[in-house]
Amino acid sequence: MVTNIIDKAPGKPLPKPLAGLTFVLMWAVAIVLFSIAHLVTDPQAGAFVVDTGLVLLSVGFSMLLIDWARTAVRALFFGLIAIGLFAIADFGQILVMTYTLRILVPLLALYMPVNRISANFRIFA
């Protein structure tokens, strides 16, 4: 008997208060990072502070659109990977990688409604 993986329940639902708290905390930290970025004297470190804020904004926004706890953990994990990639790109002065990540990170956060609406097309699940 063949079972469809999509038909299975993806786990525990993500409580909306927890999603809202995560959204508010990440946005607050990102706003603080944007506010202090101009105080950093090293240009690479300043770019990394701004890019870390961009990742936090994106992951915080996507938390409002996530329905399952497993998907939320994966989104947070991908956010950590993005911060690591931004560190490599910013401190290694790899401009192509930096600008590519600056486009892809918010784009993937905007794709989170697709994960919620369609059962046949999932991005982070």
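For helix α1 (residues 16-36), spanning 21 residues, the distance from its first C-alpha to its last is 30 Å, which sits close to the expected 30 Å at 1.5 Å a residue. Among the residues of α1, Ala19, Thr22, Met26, Ala30 and Leu33 are the ones counted as buried. What you see down the axis of α1 is that its buried residues fit within an arc of 60 degrees, all on one side. With respect to the buried face of α1, the exposed residues turned more than 90 degrees away are Pro17, Val24 and Leu25. The secondary structure elements touched by the buried residues of α1 are α2 (43-63) and α3 (69-91).

The grouping of Phe77, Phe78, Ile81, Leu85, Ile88 and Ile94 at the surface amounts to a nonpolar patch, some 520 Å² of accessible area in total. Position of Leu85 among the secondary structure elements: in helix α3. Of the residues examined, Leu85 reaches a relative accessible area of 31% and is grouped as partly exposed.

This part is about the packing of α1 against α2. Orientation of α1 relative to α2, taken along the N-to-C sense of each, is 160 degrees, at an axis distance of 8 Å. Between α1 and α2, the crossing angle belongs to the class labelled roughly antiparallel. Of the two elements, α1 crosses α2, and the hand of that crossing is left-handed. For the pair α1 and α2, the contacting residues are Ala19, Thr22, Phe23, Met26, Trp27, Val29, Ala30, Leu33 and Phe34 in the first and Val49, Val50, Thr52, Gly53, Leu54, Leu56, Leu57, Val59, Gly60, Phe61 and Met63 in the second.

If you walk through the whole model with that rule in mind, you get 3 aromatic pairs. Arranged with centres 5.4 Å apart and planes meeting at 45 degrees, the rings of Phe48 and Phe91 form a pair that is tilted. Remark: Phe91 occurs in helix α3 and Phe48 occurs in helix α2; sequence separation between them is 43 residues. Given a relative accessible area of 45%, Phe91 falls into the partly exposed group.

Parameters at a glance
- Residues numbered from 1 in each chain as written.
- Predicted model: local features only at pLDDT ≥ 70, side-chain atom pairs only at ≥ 80, totals over all residues.
- Heavy atoms only, no water.
- Helix = DSSP H or I, 4+ residues; strand = E, 2+ residues; numbered from the N terminus.
- Expected span 1.5 Å × (residues − 1).
- Buried < 20%, exposed > 50% of the residue type's maximum accessible area, 1.4 Å probe, protein only.
- Arc of directions from axis to C-beta.
- Contact = heavy atoms within 4.5 Å.
- Patch = residues over 30% accessible without salt bridge, like charges linked within 9 Å, V, L, I, M, F, W, Y side chains within 5 Å.
- Areas by Shrake-Rupley, 256 points an atom, 1.4 Å probe, with all protein chains shown as cover.
- Salt bridge = Lys/Arg side-chain N within 4 Å of Asp/Glu carboxyl O.
- Axes fitted to C-alpha atoms, helices over the stretch in contact; angles between N-to-C directions.
- Parallel < 35°, antiparallel > 145°, perpendicular 65-115°, else oblique.
- Left-handed = near helix turned anticlockwise from the far one by under 90°.
- Phe/Tyr/Trp six-rings, centres within 6.5 Å; stacked < 30°, edge-to-face > 60°.

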